[in-house]
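In case you want the letters, here they are:
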Amino acid sequence: MSKEEKKVNRRDFLFTASYTIGAVGLGAVVWPLVHQMNPDKAQQALATTEVDVSQVEPGNSITVLWRGKPVFLKRRTQDEIAEARAVSLTDLPDPQKDEERVKEGKDEWLVMLGVCTHLGCVPLKDKGDYNGWFCPCHGSHYDVSGRIRKGPAPTNMEIPKYEFVDNNTIKIG
Amino acid sequence: MSDHEYIPKSKAGKWLNDRLPLLTLGAHLTDYPTPKNLNYWWTFGGILTFCLLTQIITGIVLAMHYVAHADLAFASVEHIMRDVNYGWLIRYIHSNGASMFFLAVYIHIFRSLFYGSYKSPREVIWIIGLLIYLLMMAAAFMGYVLPWGQMSFWGATVITNLFSAIPLIGESITTWLWGAYSVDNPTLNRFFSLHYLIPFLILGLVVLHIWALHVPGNNNPVGIDIKKPSKDTVPFHPYITIKDAFALLMFMIIFAGFVFFSPNVLGHSDNYIPANPLVTPAHIVPEWYLLPFYAILRSVPDKLGGVILMFGAIFILFVLPWLDTSKVRSAVFRPIYRQFYWIFVLDVLMLGYMGAMPAEGIYLVLARVGTIYYFAHFIIVMPVVGLLEKTDPIPMSISEPVLTGSADPALARKDNEKI
Amino acid sequence: MKRFNIKSLLFIAIFLLASSAKLYSAGGESEPLKVDWSFKGINGKFDRASLQRGFQVYKEVCSSCHSMQYLSYRNLGEPGGPEFSEQEVKAIAASVEITDGPDDQGEMFTRPGRPADKFKNPYPNVKASIAANGGAYPPDMSVLVKARPGGSNYIYSVLVGYEDPPAGVTLDDGVYYNKYMIGNKIKMSSPLSDDIVEYSDGTQATVDQMAKDVTTFLSWSAEPELEERHRTGVKVIIYLILLTTLVYLSMKKIWSRIDTEV
């Protein structure tokens, strides 16, 4: 390689190195500016909530606010569970077995986001043609397992991540 | 400017350029002939652009989380510092960025004062620059109010109360500014709105500032007019872009030093006390970059007089191109003016120091001396020295002293200062 | 040469300016004592054990009057702070009764605290706190260390600075003399006395030890991001120095072109 060529190579390397290192820095600067819009630590702290369900009788339900949305916690009677399990999957617009929507050994408890999967209204409890919930906005009917049966909603009401901390406490999120 | 027609290389480029000449603009900026002897004092324009963009970007991000209500503002800033992802970083960049912005603008202004960059034909560039400076001070003042600490509140009270000194309409103007009968929530809300607005006004003025500059081209340390392009100039890219990048990186190291290791040293601890209208701090002081004007304000026993002199101290700068009678631009060749320049720098620093001290005793005396000298510099020194001074001989071109081995060592030294 | 003298005068002026930042003081109070805090300096870090002890002092001595409204209980477990375990944080939060509500009857109720809750205020509002403290407001301490000139040194000095007033100084009822307090007078009696707290880690709870620990805790509370800020700062400055060097060399390379042309 001639001296001139060697010089050009060294110069290109220097410029390439400068640009590359500079680009890395630029990326490092952009990340905080983007990440600051993600949920902050206070939001994340409220990301889980523990609910005391010891006062809920079979057949009743309570509603709590979690991540800004309502969560229905219904304690079903044995009859209601049987009713849910008797439904044939072919009758369901969004086929799903009742067993898949509850925790093993805790079949009484239905924990789901109280948000209609059509356009986001909050369905009313103990209403509708299927002994479950009815959404007044556009007429979606949900059954006793929170599954859509009739109406414009495409899917069953969403089951969030939850677990039983003990027999009386459910941790959502 | 007579640029030869720029022809874009690609068809897409030509299509766009025919409809909006962005590529022609780009070529103009890239090829823009710049004096090759510019020293590092000329890098601060680029640094200031970086500062403005930094403040705008961090400011917009902060505005996503800040709440402009008297009951919530202080808490919202703490929320940013503690909970928002990288909130502490963005906040400290913004607060220290304001100081760095003013550090750069003062160096930039004092460069112009030394090298005569305000003189014909660059008067309009100078005036637009002063308008930018005024808007910077307004934006900084209002920005400081937003955290709603003790200094925020009381600094706002002191400065807005100044308007009541105006005869007849003063009280009404002050109430109108406040939107209430004292600095209160309405004041905070409108300051937030205006604080968000002003940087974009500054951005517009910066475009005009650079446009006006590109007509005659840059001044240079020797202060002589040069032909462009010629052997006295270099294309802006890559020569000046790389030099500006180097200077900017050095500036950023200092900036980072403050942000990461001493983020509150330039501020005042009282501003971490939530605003209390019933308790006045022992010493109300503005941020450091406003101190010289604060000293001038307080050196006059009469309220209206103080206000007039304080604004006068800025407005006198507007007429500087006409106060300076010298036919020679650069202080490099003005041995008498040079002395007065450095005395003026000392005077401004002293005024700044006095602004931080209570307005009593020796501090008040010195503030008054400093104020009188400040005005004397513009009203007496500039015209008189310009007329009477015997200037050093100036070179014919920038390259000439190097090529012809000019006798004046001072010239040769300044020329070699390019890197 | 005249120019030389004036310029050097300028540099002397700047030097004096920079070093005299704290020339002015209000009155007779003494300069704060200087402590070699572990969190000062470029590589400063908080002493975890001291933070935990300091929290204990806050909880047992100060929290009955002083709020820390910008802290949440979960902060006690987050990195860079006392770093209590998740269980300990839950227990600390649960030991406090937090007002919540309204419930479905429209009534406010109390419940045990949760990590997400903010530190409980000892008083329902500022006026109640002033009324309960002889007309003086015990300031919220979340950012107190940043709110006082002298910062950590000042807070520590005030805590250990109680003494009898010098001759000729009379104090009103409920006012105490402090060597380091701005103005020398403070409406809080000396809050610390030897062994007023029994440290769970067995450290001897002298006034000096407690003052250092609680000041460390308050310093963390004012600047919980300090350790991350220092770590990031070191990386940023090293990066900038690296990039500056590369750009400097590039600049030299580019500018060498015109020298050869001329």
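So, on to the overall build of chain C. For chain C, the count of helices and strands is seven helices and four strands. Along chain C, helices (α) and strands (β) appear in the sequence α-α-α-β-β-α-α-β-β-α-α when read from the amino end. Its C-alpha atoms give chain C a radius of gyration of 25 Å, clearly above 18 Å, the size a compact globule of 262 residues would have. When its C-alpha atoms are laid out on the principal axes, chain C stretches across 90 × 55 × 40 Å. For chain C, buried positions account for 41% of its 262 residues. In chain C, the share of contacts with a sequence separation of at least 24, taken over all contacts with a separation of at least 6, comes to 61%.

Right, let's get into the sheet that holds strand β2 (residues 61–66) of chain A. Strands belonging to one sheet form pairs held by backbone hydrogen bonds; the direction of such a pair is parallel or antiparallel. Residues and elements named next belong to chain A. Taken together, three strands build an open sheet; the order of strands is β2-β3-β4 and the sheet is antiparallel. Each of the sheet's edge strands pairs with one partner strand only, and the pair in question is β2 and β4 (109–113). Within this sheet the neighbouring strands show an average axis-to-axis angle of 20°, counted without direction. As paired strands, strand β3 (residues 69–75) and β4 are joined by five bridges and run antiparallel to one another. Bridge pairing in β4 places Val71 opposite Leu113.

Attention now moves to the pairing of strand β9 (residues 162–166) of chain A. Residue and element names in this part refer to chain A. Pairing of β9 with strand β10 (residues 169–172), which is carried by four bridges, proceeds in the antiparallel orientation. Residue pairing for β10: Phe164 is matched across the bridge by Ile170. Remark: two residues form the turn of the hairpin made by β9 and β10, two consecutive strands paired antiparallel.

On to the nonpolar core. Ranked by internal contacts, the top residues of the largest apolar core, which has 143 residues, are B:Phe102, B:Leu113, B:Tyr374 and B:Phe378. A per-element tally of this core places helix α5 (residues 87–115) of chain B first, with 16 residues. Counting residues in each nonpolar core, the second largest holds 44 residues, with C:Tyr199, C:Ala205, C:Ala211 and C:Trp220 among its members.

The next subject is the packing of aromatic side chains. Residue and element names in this part refer to chain B. One pass over the full model with this rule turns up 44 aromatic pairs over all chains. With centroids separated by 6.4 Å and ring planes inclined at 55°, the aromatic side chains of Tyr32 and Phe236 adopt a geometry described as tilted. Of the two residues, Tyr32 sits in the loop between α2 (22–31) and β1 (33–35) while Phe236 sits in helix α10 (residues 236–261), which places them 204 residues apart along the sequence. The exposure class of Tyr32 is buried, given its relative accessible area of 3%.

B:Pro121 follows B:Ser120 through a cis peptide bond whose omega is 0°. Residue position: B:Pro121 is located in the loop between α5 and α6 (123–145). Of the consecutive residues C:Gly101 and C:Pro102, the connecting peptide bond is found in the cis state with omega at 5°. Mapped onto the elements, C:Pro102 comes out in the loop between β1 (97–100) and β2 (109–112).

With 14 residues of chain C in contact, the opposing surface of chain A contributes 14 residues. Here chain C packs against chain A, burying approximately 1200 Å² in sum over the two surfaces, 68% of which is carbon and sulfur. Inspection of the chain C/chain A interface yields zero salt bridges. Joining chain C to chain A, the criterion identifies three residue pairs in polar contact (both at pLDDT 80 or more). Element by element, the count of residues in the side of chain C that touches chain A is highest for helix α7 (residues 226–261) of chain C, at 10 residues.

The subject of this paragraph is the packing of helix α3 (residues 44–63) of chain B against α5(B). Residue and element names in this part refer to chain B. Where α3 meets α5, the axes come as close as 9 Å, and the angle between the chain directions of the two elements is 155°. Judged by the inter-axis angle, α3 sits roughly antiparallel to α5. Of the two elements, α3 crosses α5, and the hand of that crossing is left-handed. Where α3 approaches α5, its residues Phe44, Gly45, Ile47, Leu48, Cys51, Leu52, Thr54, Gln55, Thr58, Gly59, Val61 and Leu62 are matched on the opposing element by Ile90, Arg91, Ile93, His94, Gly97, Ala98, Met100, Phe101, Ala104, Val105, Ile107 and His108. Along the lines of polarity and charge, the residues of the contact of α3 with α5 split into 15 nonpolar, eight polar and one charged.

A few words now on a negative patch on the surface. Residues and elements named next belong to chain A. Judged by side-chain charge, Glu50, Asp52, Glu163 and Asp166 come together as a negatively charged surface patch. Sorting the residues of the negative patch by element identifies β1 (49–52) and β9 as the ones contributing at least two each. Looking at the element boundaries, Asp52 is found in strand β1. Asp52 sits in the exposed class, given a relative accessible area of 52%.

Here we come to the pattern of salt bridges. All names here are of chain A. For the structure on display, the rule yields 27 salt bridges over all chains. Arg147 serves as the salt-bridge partner of Asp143, at 3.0 Å between the closest nitrogen and oxygen. The burial state of Asp143 is the same as that of Arg147; both residues are buried. Within the structure, one salt-bridge network assembled from shared partners comprises Arg76, Arg85, Asp98, Glu99 and Asp107.

On to the interface of chain C and chain B, then. At the interface, 50 residues of chain C touch 50 residues of chain B. Summed over both partners, the interface of chain C with chain B buries about 4700 Å², with 74% contributed by carbon and sulfur atoms. Here chain C is connected to chain B by one salt bridge. Here C:Arg74 makes a salt bridge to B:Asp83, at a shortest N to O gap of 2.9 Å. Scanning the region where chain C abuts chain B turns up seven residue pairs in polar contact (both at pLDDT 80 or more). Sorting elements by how many residues they give to the side of chain C that touches chain B places α7(C) first, with 22 residues.

Residues and elements named next belong to chain B. Across chain B, the average pLDDT comes to 93, with 94% of residues at 70 or higher. Confidence drops under a pLDDT of 50 for residues 402–406, and excluding neighbours within four residues, the segment shows six contacts in the predicted structure. This model gives residues 411–419 a pLDDT under 50, and the stretch forms 22 contacts once residues within four places in sequence are excluded.

Residue and element names in this part refer to chain A. Applying the stated criterion across every chain, the model contains one disulfide over all chains. The side chain of Cys121 participates in a disulfide bridge whose partner is Cys137; the two sulfur atoms lie 2.1 Å from each other. Around the S-S axis, the bridge from Cys121 to Cys137 shows a dihedral of about -100° and counts as left-handed. Here the residue Cys121 occupies a position in the loop between β4 and β5 (124–127), and Cys137 occupies one in the loop between β6 (131–135) and β7 (140–143), the gap between them amounting to 16 residues. Free cysteine Cys135: the closest other cysteine sulfur is in Cys116, separated by 3.8 Å. Assessed through its relative accessible area of 2%, Cys135 is described here as buried.

What follows deals with the sheet that holds β9(A). Residues and elements named next belong to chain A. Reading across from one edge, β1-β10-β9 is the order of the three strands in this open sheet, with antiparallel pairing throughout. Two strands in the sheet have a free side with no partner beyond their single neighbour: β1 and β9. Strand-to-strand twist in this sheet, taken as the mean axis angle between neighbours without regard to direction, amounts to 30°.

This part is about the confidence of the model for chain C. Residue and element names in this part refer to chain C. Chain-level statistics for chain C give a pLDDT mean of 91 and a share of 91% at 70 or above. Mean pLDDT across the elements of chain C bottoms out in helix α1 (residues 2–19) (65) and peaks in helix α6 (residues 207–222) (98). Taken together, the chains of this predicted complex give a pTM of 0.90 and an interface ipTM of 0.92.

Analysis parameters
Residues numbered from 1 in each chain as written. Chains lettered and ligands numbered in written order. Predicted model: local features only at pLDDT ≥ 70, side-chain atom pairs only at ≥ 80, totals over all residues. Heavy atoms only, no water. Helix = DSSP H or I, 4+ residues; strand = E, 2+ residues; numbered from the N terminus. Rg over C-alpha atoms; globule rule 2.2 N^0.38 Å. Buried < 20%, exposed > 50% of the residue type's maximum accessible area, 1.4 Å probe, protein only. Contact = heavy atoms within 4.5 Å. Pairing = 2+ DSSP bridges. Axes fitted to C-alpha atoms, helices over the stretch in contact; angles between N-to-C directions. Core = buried A, V, L, I, M, F, W, Y, C linked by side-chain atoms within 4.5 Å. Phe/Tyr/Trp six-rings, centres within 6.5 Å; stacked < 30°, edge-to-face > 60°. Buried area = accessible area lost by both parts, 1.4 Å probe. Salt bridge = Lys/Arg side-chain N within 4 Å of Asp/Glu carboxyl O. Polar contact = N/O pair within 3.5 Å; in protein donor to acceptor, adjacent residues only side chain to side chain. Parallel < 35°, antiparallel > 145°, perpendicular 65-115°, else oblique. Left-handed = near helix turned anticlockwise from the far one by under 90°. Nonpolar A, V, L, I, M, F, W, Y, C, P; charged D, E, K, R; others polar. Patch = residues over 30% accessible without salt bridge, like charges linked within 9 Å, V, L, I, M, F, W, Y side chains within 5 Å. Areas by Shrake-Rupley, 256 points an atom, 1.4 Å probe, with all protein chains shown as cover. Lys, Arg positive; Asp, Glu negative; His and termini not counted. Charge placed at Lys NZ, Arg CZ, Asp CG, Glu CD. pLDDT = per-residue confidence, 0-100. Disulfide = S-S within 2.5 Å.

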